[in-house]
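Residues per chain, in single letters:
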Amino acid sequence: MSVDGRFIYPNGRVRALELQLVSNRMWQMLLSADDRAEVIRLLTDTWYSLFIEQHKLGDTFRQAQEATEEELLELSEDPRLVRGLLHRRDVRNARYLWKAALIGTEKDVEVERDGLLETENLRRAVEDEQAREELPELFRQTLERLLDMEAPEVGDVEREMDRLAARVEREELPELGKSFENLVSWNLERKNFLTAARAQLREASPEELEDMLLEGGLHDPEEVASAYRTGRLPELLAGGHGQEELASALSDCLSRGSLLEFEKQGEKELLDKLEEASSHVFGPAPLAAFVLKRELEIDHLRILVAAKSAGAPRKRIIRRLPRG
Amino acid sequence: MALEEIAERIARDAREAAERIVSEAEAEKAARISEAKERLEKEFERDSGRLRDRIEELRLRQREHLRREADRKVQTARSTMINRAIDRAVQNLVKLGDEEYLQLISAILARCALRGEVEVLVCPEDEGRITKDFLSRHSDQDRRFVLSEQRHRSVGGVVLRAGDVSQNATFSMIADLAHEELVMELAAELPLER
């Protein structure tokens, strides 16, 4: 077996960077915080303090995400990692810009640093056919579909952009190694079942659901839609891919009418899979896994802050967050 | 040397010594004054610097306090608005016609996870709507709903009780839980836009 030594140093550094992730003890304290203000105060004792200005969260999480990506891109110039990370950023920038242009929310949209595509090109592509032609095919097709819509609504734009994000992940991340290939499919599967479960609780029609499902999961969207029609979502999820525990959580949640614990179980398993990907030290997987761990941590912090702002008690929040 | 000369010389030497002493004393006095002035000026500079720093610190602290107070007020106002909207929604549910209202109660009973004899507590306003007959229509072989003599004090909905286990399915509780859940769902779904 050949061993790629280029990643030994960056992966060693990533091990050290992982110490910056919020510790279990800190999560316990955050979960027990009295309110939003106390959460922010506690966060000033963590790595996030670099981005918190005058005890206000403001742009903290976005800056934290950007800083994490930049740090890893400096650590390794592996083209697979660079493409994987930067194209995901392109999707986010395209989402901000195109949504604003098509829905007409804001004139001056703030975007992240350029990814592989210049944000100015993404901005111009809405109006300028030549700029559109210069976009990578996936981006161009998405924008053309959006432009073909008559008076698109926020949901339409978000749906198309979710599809683009999923396609980019399916195309870029599997190059980072086998563990990532499995992780991408598994994650899309989890998202599709979450969408289907939400649709079931809101009594959406199967046609509406089909329109929301993403390609690339362990089951085809048609299979998921068919299970939705027959009320057998947990059975399909359990079938053959070692997801019995997640399927059991789905079944319980559907009967209770609340998906908090299904989301928690899914993200707990995602964290386990990222941990597993971190162990492949002779490739770029640990670096990408670190970025995804940070993203998940940021998502969890946002949920925590929102829940504390809404006055949700600790016991409700721990039903949702696989932390502490 | 004549005595007068000796006396004059002594007097001159004494004058010169006195003048030297006076001049040294003057020089020392000037040096001390200058030293004291310099020290006082330094102390003044240091004290006024400290004072300036303290004033600035107090100003910043006060500004921070005001900002936090304003944030707290915004948060409170926001929660008050949301709570008011939830209360209004609950009141609207309670004002529904009997048929629609009982459909909601039926949905709650259908989701009841308790088994065996389940005591159903209603609010005083619902005494005429949620009756023994209505509850028995929703009973089956696993679960028998029995109207309790006790009443709950919340608005609309029911509290279900089987032995020591109870489920609060009053509208205000359901609305609070739904609100918290929606907040957590949206927080995760919304992109990191400014």
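Along each chain, residue indices are assigned from 1 in the same order as the chain's sequence is written. Think of it this way: whatever chain is written first is A, whatever ligand is written first is 1, and the rest follow in order. The model is predicted, so local features are restricted to residues of pLDDT at least 70 and side-chain atom pairs to those at 80 or more, both for listing and for counting; the totals for chains, interfaces and linings are taken over all residues.

Overview of the overall build of chain B
Strands are runs of DSSP state E lasting at least two residues, helices are runs of H or I lasting at least four, and both sets are numbered from the N terminus onward. A tally of helices and strands in chain B yields four helices and four strands. Mapped in sequence order, the helices and strands of chain B form the string α-α-β-α-β-β-β-α. Relative to the globule expectation of 16 Å for 194 residues, the C-alpha radius of gyration of chain B, 45 Å, shows a markedly less compact shape. Overall, chain B is about 150 × 40 × 30 Å in size when its C-alpha atoms are taken along their principal axes. Residues are called buried when their C-beta atom has 20 or more other C-beta atoms within 10 Å, exposed when it has 12 or fewer, and partly exposed otherwise; all C-beta atoms are positioned from the backbone. Relative to its 194 residues, chain B shows a buried fraction of 14%. A fraction of 69% describes how many contacts in chain B between residues 6 or more apart in sequence connect residues 24 or more apart. As a reference, a globule follows 2.2 Å times the number of residues to the power 0.38, and the radius of gyration itself is taken over C-alpha atoms. Once C-beta atoms are placed from the backbone, any two residues with those atoms within 7 Å are in contact.

Describing the overall build of chain A
Scanning chain A from N- to C-terminus turns up 17 helices and zero strands. Its C-alpha radius of gyration of 20 Å places chain A within 12% of the 20 Å reference for a compact globule of 324 residues. Taking the principal axes of the C-alpha coordinates as reference, chain A spans close to 50 × 50 × 50 Å. Within chain A, the proportion of its 324 residues that are buried is 40%. Partitioning the intrachain contacts of chain A with sequence separation of at least 6 by distance along the chain shows that 61% fall at a separation of at least 24.

Considering the domain arrangement of chain B
Residues and elements named next belong to chain B. An automatic or database domain assignment is the source of the domain bounds shown. Partitioning chain B into domains gives domain 1 (1-95) and domain 2 (97-189). Between the C-alpha centres of domain 1 and domain 2 the distance comes to 69 Å. Contacts between domain 1 and domain 2 engage six residues on the former and seven residues on the latter. Residue classes in the side of domain 1 that touches domain 2 are distributed as six nonpolar, no polar and no charged. Note that Gly is not counted as nonpolar here; it falls among the polar residues with everything else outside the nonpolar set of Ala, Val, Leu, Ile, Met, Phe, Trp, Tyr, Cys and Pro and the charged set of Asp, Glu, Lys and Arg.

Considerations on the sheet that holds strand E1 (residues 116-122) of chain B
All names here are of chain B. A pair of strands is treated as paired once DSSP finds two or more bridges between them. A sheet is described by the order of its strands in space; here four strands give the open sequence E2-E1-E3-E4, paired in mixed fashion. For this open sheet the edge positions go to strand E2 (143-151) and strand E4 (165-170), each flanked by a neighbour on one side alone. Strand-to-strand twist across the sheet, computed as the mean angle between neighbouring axes with direction ignored, equals 25 degrees. Where E1 and E2 come together, six bridges link them in parallel fashion. Residue pairing in the sheet places Glu117 in a bridge with Arg144 of E2. The axes are straight lines fitted to the C-alpha atoms, using for helices just the contacting stretch, and the angles between their N-to-C directions are given from 0 to 180°.

Considerations on the domain arrangement of chain A
All names here are of chain A. In terms of domains, chain A is made up of domain 1 (1-78 + 292-324), domain 2 (87-174) and domain 3 (178-279). In this structure, domain 1 and domain 3 have C-alpha centres spaced 25 Å apart. Facing the seven residues of domain 1 at the interface are nine residues of domain 3. Of all the elements in the fold, those that place two or more residues in the side of domain 1 that touches domain 3 are helix H16 (285-309) and helix H17 (314-320). For the side of domain 1 that touches domain 3, the leading source of residues is H16, giving three residues.

What about the interface of chain B and chain A?
Every contact between the two is made by 16 residues of chain B and, on the other side, 25 residues of chain A. Where the side of chain B that touches chain A is concerned, the elements lending two or more residues are helix H1 (3-94) and helix H4 (171-189) of chain B. The residue makeup of the side of chain B that touches chain A, split by class, is six nonpolar, three polar and seven charged.

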